[in-house]
Each structure stands twice: as C-alpha cells, then as structure tokens.
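Each chain is listed here by its residues.
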Amino acid sequence: MKRLEINNTIDKFTKSDYLIGTSICFVISILYMFNLNQIVVGGLSILLFLFYFNRIRKRATINEAFTICLILTLPFSFSPLVGSSFFSLFIIIQFLFICVLLVSNFSSKKNQLIQVLGLGLLLFCLGVYFFNQSNYPKILVETLIKTLLFLLIIIVALIKLKISKLTVLSMMRFYVFAGSVAGLMVLIQYLSFKLLGINYLGVQNQFGTSRTGFAGLFYDYSISSIYLSSVSLILCFGLLTKQYFINYKWSIILLFFTIGTSVLTSGRSGIAALFIAIFFLLIYLRNIKVIVISLIAGFPLVKTILYIYSLNRTTNLSNDSGRLDNYLNALNYFYKNFWFGARFLGFSETSKSMLPHNFILDFLVQYGIVFTLLLLLFVIVVWFKGLKKQPILFFLFLLMLVGGNFHASFINTHYIIIPLILIIGTLNNNESISYHK
C-alpha cells in the first residue's frame, strides 16, 4: 500500500484509503443525484460506509474514523435515508460519534457528569422527535434536534477528543476530495440543464428568467457555494504557504475547479467569503511577494468569475434579494422577544417571516440574547485558540463565519461542525504549528 506525504511527513493513510473513500462518496452522490430508489441508495450507503469504516480503523483511531466518515458524507448529508425526514447518513454518523465519545473511559469520575448529562440530552432529542411530531411542524422538531446534536458533539469533544496536527492535515485532504465530488455534482447539474434541458437532478431551480441555481445535493445554493469555496480556501492556503495537502499540479486544477463550481451554483456567498478569508490570510502571512502575486492573479480571476455569474444571473450582483427587509423584520421580532427568541420553535412559524440571512440575527430571533451571547463567546474563544494550533482551521472557520452572514440556518449547514471539532481536538493536544515565513 503506497503511503503519501503531507508537508514532508508520511501520512498514516494510504493512497487507496483516499481513492476508495472518494469513490464511495462519488457513487452515493451520483445515485442520489439521479433520484434512484431512496431506500436502496440509503441501504447501499450504510453498507459501503461500514466497509470503509472497518478498513480505515486499521490505521486510525475510532474518533478519526468517525470524523473521516462525517467529511465524506458531507456532499450528500442532506439526502435522507428514507422519506422526507432529515435522518441522513451524516446525522446517524454524528449521533454514533457522540455515543462513542460519551461511553469512552466511562469509569473516570472526571467524565461521569458530562456523560450522564449527554446521554440524557440524547434521549431527550429522540423523545422530542418520536413523540412530538404530531404536535409541532416537523421542520421545527428537526431544527431543535440538530441544534442539540450540534451543541452536544462540541461539548463532548471538549472533554474527550484529541487529534494530532498530522491527522488534521489528513482530514483536510479528505475534505478536499469530498468537496471536489460535490463540485462535480454541481457541474453535472449545470451541463445536464444547459445541454440537455434536464432540470430534475439534485437541487436546482429557476428564479424566473433572472437566475438559475444549482446546489448539488445541498438544500440551499448559498450553502453549497460556501462549502465549495471552503475547499478552494484549503487549496489556496496550501499554495500560499507551500504546505501542500495534495501535489502542486492537482492543487491548481482543483482550486480553479472548486472556484468555478462555486460560481456555477449562482450563490454569491461562497465567493465573497473566499475573497475576504484570503485577504485576512495574506495579512497573516505578511509576505509582500505573495501579496503582490495574489493581487496580479486576482484581476483575471475576478473577470472570469463575473462572466460565469452572468451565465446564470441577469440581476445585479449587488442586489440584496430581499435580505434587508428580512433583517428589519428579524430585528423587530428580536426586540419583542429579547431574552429567549422563538424558543427553538421556529422564527418563521411564529413570525410568518423568512429566516434572516445572517447567522447572528438567526441566533437572536431563534434563541434570544442569552443563548446567542454564550454560543458566540464559546465560538470566538475556541476559534482564536485554534489560530496557534492549526491556522488552516482558523481561516476555514473564518470563511464559514463570513458566509454565514449571507444565508440562514448556520448550524444546519453540516460542514460547520468539521473545523470546530478539529480545532477542539488539537486544543486537547500539546502540539502547535506556524506557517510564518
């Protein structure tokens, strides 16, 4: 089995590990894309990932194996195993990951309280889902459960998860390959629509004559564009720091591919977040030569991006798409429900307004000032601590935060959990790494 190198260090995973994992990700994605029988595809996805999990457990810890499976299921993480529920393979893996973290070292008195509370919270999540579906609209129950799972995996990871810096670099490689599969799904959608007139693959929609959106298997075009741009940022980070996650040639190819497919979604959020994250990355690197080269290369790239946008959007790119009205409605609702917001029961249902396309306003109207301040404080502390441990994770999360200012349902993006748990895992290690030259 041929082993690869990451930054002149031997990777614990083999070339076959990456190839098989990416192939499974592609096969499941393409089956969901072409709307094959949901139960058959869901059953196949479970079998394939059980096989793959068992394979990589020979070279990885159980926590690393779960994290890799989470990353590889991201491209189809919104595709349910059965029915129209949110119960996707990604959610199941996340749930199992939490359970494994909870029961590890159970005899330790230090961890017993968090384990008992965590198991109680999981039982509460299941109880809400199975017993209250008839009392509340299903989308509200799903929002509550996803929020609780999001919080729980973070809390448990703080206690139990430990990840080395080399493992994080391997995870970034898996992330790049999985994101490239998602980009390929968008490209297939785009070409099928433009060349064959097919408009039923994955999630795509025409907004009158002004815009055609392609989201792959994600439920939202902006979220799809941010996910693809996050892959672009990882590749760009490697090129700017000469710390390649894959070789130089493929880094260039996949960089342009993921930028291009992010633009093809028709969502502006991903590209805007990418340029802002790169701006701060250049400041962090403090390398005049790199900054000058980046600015020179940026001009033709921006021109190309604007041209691709013109193929799918005829409206002005500065158009707010009704976001300003949503912001004002959200602020008015927050003012009237200052402390606890909609109490996890859905701002849209209680106010009859669209969710604000801004993650801070989304938190405020859904959960109120108390929850929002606590969550933001936690995120900021963890995020900045991660800068010294793994800069790539800091800038990856920065891109997602910036993108979160332009779309709704920040916690529901799925990809947001990846940099967070990796940052937490490295914080529990005593290693550090710097890319300053």
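Residues numbered from 1 in each chain as written. Predicted model: local features only at pLDDT ≥ 70, side-chain atom pairs only at ≥ 80, totals over all residues. Heavy atoms only, no water.

Draft legend 1. Examining the packing of aromatic side chains more closely. Following the criterion strictly, the structure yields 24 aromatic pairs and no others. A centroid spacing of 5.3 Å and a plane angle of 80° characterise the contact between Phe279 and Phe280, whose relative ring orientation is edge-to-face. When the ring of Trp383 is compared with that of Phe394, the centres are 4.7 Å apart and the planes differ by 10°; the resulting orientation is stacked. Taken as a pair, Trp383 in helix α14 (residues 359-389) and Phe394 in helix α15 (residues 391-403) lie far apart in primary sequence, eleven residues in all. In this pair, the class of Trp383 matches that of Phe394, namely buried. Among the aromatic residues, those joined into a ring-pair cluster are Phe237, Tyr284, Trp383, Phe384, Phe394, Phe395 and Phe397. Lying across the ring of Tyr18, Arg173 places its NZ or CZ 5.1 Å from the centre. (Phe/Tyr/Trp six-rings, centres within 6.5 Å; stacked < 30°, edge-to-face > 60°. Helix = DSSP H or I, 4+ residues; strand = E, 2+ residues; numbered from the N terminus. Buried < 20%, exposed > 50% of the residue type's maximum accessible area, 1.4 Å probe, protein only. Lys NZ or Arg CZ within 6 Å of the ring centre and 35° of its normal.)

Draft legend 2. Up close: the pattern of salt bridges. For the structure on display, the rule yields three salt bridges. The partner of Asp17 in a salt bridge is Arg59, and the shortest N-O contact between them spans 2.8 Å. Of this pair, Asp17 sits in helix α1 (residues 15-33) while Arg59 sits in the loop between α2 (38-56) and α3 (62-73), placing them 42 residues apart in sequence. Here Arg59 falls in the buried class, since its relative accessible area comes to 15%. Residues joined by salt bridges that share partners form a network here, namely Asp17, Arg55 and Arg59. (Salt bridge = Lys/Arg side-chain N within 4 Å of Asp/Glu carboxyl O.)

Draft legend 3. Just the nonpolar core, in detail. Ranked by internal contacts, the top residues of the largest apolar core, which has 126 residues, are Tyr175 and Tyr415. The greatest single-element share of this core, amounting to 15 residues, is contributed by helix α7 (residues 165-196). Those residues in contact with Tyr415 that lie beyond four places of it in its chain are Leu74, Tyr175, Phe218, Ile223, Ile226, Tyr227, Met400 and His407. (Core = buried A, V, L, I, M, F, W, Y, C linked by side-chain atoms within 4.5 Å. Contact = heavy atoms within 4.5 Å.)

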